[in-house]
Structures are given as C-alpha cells and as structure tokens.
Amino acid sequence: MMDYIHTLLFGFYPYLAGTVFLLGSLLRFDHGQYTWKTGSSQMLTKKHMRLGSNLFHIGIIVIFFGHLVGLLTPHWAYEWAITPGNKQIMAILVGGLAGVLCLVGGMILLYRRLFDPRVRASSSTADIVILALLMVQVTLGLFTIIAAVDHLDGSVMLPLAEWAQSIVFFRSGAASHLMDVGLIYKLHIVVGLTIVMIFPFTRLVHAWSAPFGYIGRRYQLVRRRA
C-alpha cells in the first residue's frame, strides 16, 4: 500500500500537476485575460509593501532558477568542474540566503493581507491561501537544508536530481529514486507540486508575463517642450 501511494505521489502526481499547470494557464489566458494580473495592493497602502515585495521576489527568483539549474543539470555536465558535495554546499548557502529573504518578505506580505483592513478587503481567499502555501513551502525548504547538513557528500541531492530529470524527460521508474529520501524532502516535493497545480487559478499567473522584453527594448526619446 505504501509503495502504491509513493508511486502515485512521485510518479503520477507530477504529470497531473504539470498538465493542469499548462492547460489551466492556456485556458485562463484565452478565456480570462481580464483576470490575468498581479492584483497589486500598493495603491491601497504602501506600508511595508516595497520591503516585503522586494525581499520576496528576489528570494523566490533565486530559489526558482537555483532549483531549475540544480535539479535539471545532468551529473556528467558538471562533475569535471565541481563535486556533488561542493555543489550541495553551494546550494545550501545560496538557497539558505534566498530562502530567508523569501520567507521574511513573504511573511510581511501575508501580514498585510491578513491584518491591513484595506488590503484584506481587496484580497480573495485564493490570494491568502497561495501566499500562505508559498510560506509553508519555503519553510519546508529551509528545513531540508538542516537535514542536508548531515550528508554533505551529495548523496541525497543526486537522487533528487535523478527524480526531477526522470519526470521532465519522461523516463520510467522516476518514483524509485525517492524511495530512500527523507520525509522532509518528500513533503517539500508534494507541496511544491500542489503549488504548480493550483498556479493557473491564482494571481501567480502574472509570472508568465514577466517583462523580459524591457531588457532589450530600444530607448525611449523624451523631449522637453520648447
């Protein structure tokens, strides 16, 4: 029974979450573009907004790309330059700092959502739930760092990367890579997949519209009146 649940959570659930994530985002963009927004509360009150938002976004962006590169880069691609142990230490340091920034910023934003009357009045249940769920996920991530200190040889990082690569590249037996991984890592994965699945139904969809085009856009010419 436990093996069945394990396979369900780490072999099938990732594909369910990914399918809902992609199709849900596409359908919302196609049928609900007026809801495709950040819903910023900055106009209601700026108190703690800049600090909380900056800390949260800097932290979560570093965490996202750290996970993306760290988990999906094959071992052979970096073993000539860095050992798994050193890679894990780097992940602990960078990820720990980013996690703390994200947690502090997120808690400031969550506090505003819950206890500022004007912000609370304009917040939906989904706004509060997704932010609280992100804080749970970041907290679990910080707890995985504590667990990782006991095995700095990369012995847990490698199975996690093998699982992620098996899921993304449709290899069979993905769930088997996590059989001997600690409970805290499994909880972190399940909560992360849940966030991915409910992503299209929350304000997180604005992440699809990140203004990367501004980086390469032409300068605007602004002329004074004569």
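Residues numbered from 1 in each chain as written. Predicted model: local features only at pLDDT ≥ 70, side-chain atom pairs only at ≥ 80, totals over all residues. Heavy atoms only, no water.

K.L.:
Help me out: how do you make sense of the nonpolar core in this one?
P.N.:
Within the largest apolar cluster, 38 residues are counted, with the highest numbers of intra-cluster contacts made by F56, L134, L160, W163, L178 and I189. No other element matches the ten residues that helix α6 (residues 125-148) contributes to this core. Not counting chain neighbours up to four residues away, the residues in contact with I189 comprise F10, L160, W163 and L178. (Core = buried A, V, L, I, M, F, W, Y, C linked by side-chain atoms within 4.5 Å. Buried < 20%, exposed > 50% of the residue type's maximum accessible area, 1.4 Å probe, protein only. Helix = DSSP H or I, 4+ residues; strand = E, 2+ residues; numbered from the N terminus. Contact = heavy atoms within 4.5 Å.)

K.L.:
How should the packing of helix α1 (residues 2-31) against helix α7 (residues 157-168) be read in this particular structure?
P.N.:
The relative placement of two packed helices comes down to the angle between their axes together with the axis-to-axis distance. Contact pair α1 / α7: the axes reach a minimum separation of 10 Å and the direction vectors enclose 45 degrees. Between α1 and α7, the angle is such that the two are oblique. Between α1 and α7 lies a crossing of right-handed hand. Packed against α1, whose contacting residues are F10, G11, P14 and Y15, the element α7 presents W163, S166 and I167 at the interface. (Axes fitted to C-alpha atoms, helices over the stretch in contact; angles between N-to-C directions. Parallel < 35°, antiparallel > 145°, perpendicular 65-115°, else oblique. Left-handed = near helix turned anticlockwise from the far one by under 90°.)

K.L.:
I tried to follow the confidence of the model for the protein on my own but got confused; where do I start?
P.N.:
In this model, the protein carries a mean pLDDT of 88, and residues with pLDDT of at least 70 account for 90%. Across the protein, element-level confidence peaks in helix α8 (residues 183-198) with a mean pLDDT of 96 and bottoms out in helix α9 (residues 213-216) with 67. (pLDDT = per-residue confidence, 0-100.)

K.L.:
Whenever I open this one, the packing of aromatic side chains confuses me. Can you help?
P.N.:
The geometry of two aromatic rings is summed up by the distance between their centres and the angle between their planes. Taken as a whole and assessed by the stated rule, the structure comprises six aromatic pairs. When the ring of F64 is compared with that of F65, the centres are 5.1 Å apart and the planes differ by 80 degrees; the resulting orientation is edge-to-face. Residue classification places F64 among the partly exposed residues on the basis of a relative accessible area of 49%. Of the residues examined, F65 reaches a relative accessible area of 42% and is grouped as partly exposed. Following the ring pairs from residue to residue traces out a cluster consisting of F21, F199 and W208. (Phe/Tyr/Trp six-rings, centres within 6.5 Å; stacked < 30°, edge-to-face > 60°.)

K.L.:
Mind showing me how you'd approach the UniProt feature "binding site: heme b" (unreviewed entry) in the protein here?
P.N.:
This chain's UniProt record puts "binding site: heme b" (unreviewed entry) on H57, H67, H188 and H206. For H57, the position within the fold is in helix α2 (residues 49-72). For H57, a relative accessible area of 33% puts it in the partly exposed group. Of note, H206 is situated in the loop between α8 and α9. Residue class for H206 comes out partly exposed when judged on its relative accessible area of 26%. (UniProt positions renumbered as here; feature names shortened; annotations may be inferred.)

K.L.:
Looking at this structure, how should I read the pattern of salt bridges?
P.N.:
A side chain of one charge can pair with a side chain of the opposite charge when the charged atoms of the two come close. A complete count under the given rule lists one salt bridge for this structure. The salt bridge partner of D127 is R203, with a shortest N-O separation of 2.8 Å. A residue pair is termed long-range when its members are at least 10 positions apart, and D127 in helix α6 and R203 in the loop between α8 and α9 qualify at 76 residues. In terms of burial, D127 and R203 fall into one category: buried. (Salt bridge = Lys/Arg side-chain N within 4 Å of Asp/Glu carboxyl O.)

K.L.:
Explain unusual backbone geometry here, please?
P.N.:
In most cases, non-glycine residues show a negative phi, while peptide bonds are predominantly trans. Of note, the phi angle at F170 is positive, near 55 degrees, even though the residue is not glycine. Mapped onto the secondary structure, F170 falls in the loop between α7 and α8. Classification of F170 by relative accessible area gives exposed; the value is 65%.

K.L.:
Where do I start with the packing of α1 against α8 in this structure?
P.N.:
Relative orientation of the contacting elements α1 and α8 amounts to 25 degrees, with a least axis distance of 8 Å. Between α1 and α8, the crossing angle belongs to the class labelled roughly parallel. By crossing handedness, the relation of α1 to α8 is classed as left-handed. Along the contact surface, α1 presents H6, L9, F10, Y13, P14, L16, A17, V20 and F21, while α8 presents K186, I189, V190, L193, T194, V196 and M197. Its residues assigned to classes, the contact of α1 with α8 shows 13 nonpolar, two polar and one charged. (Nonpolar A, V, L, I, M, F, W, Y, C, P; charged D, E, K, R; others polar.)

K.L.:
Any chance you could explain α8 here in plain terms?
P.N.:
Across its 16 residues, α8 extends 23 Å between first and last C-alpha, which sits within 8% of the 22 Å expected from 1.5 Å per residue. Along α8, the positions that sit buried rather than exposed are Y185, K186, H188, I189, V191, G192, L193, I195 and M197. On its buried face, α8 sits against α1, α2, α6 and α7. (Expected span 1.5 Å × (residues − 1).)

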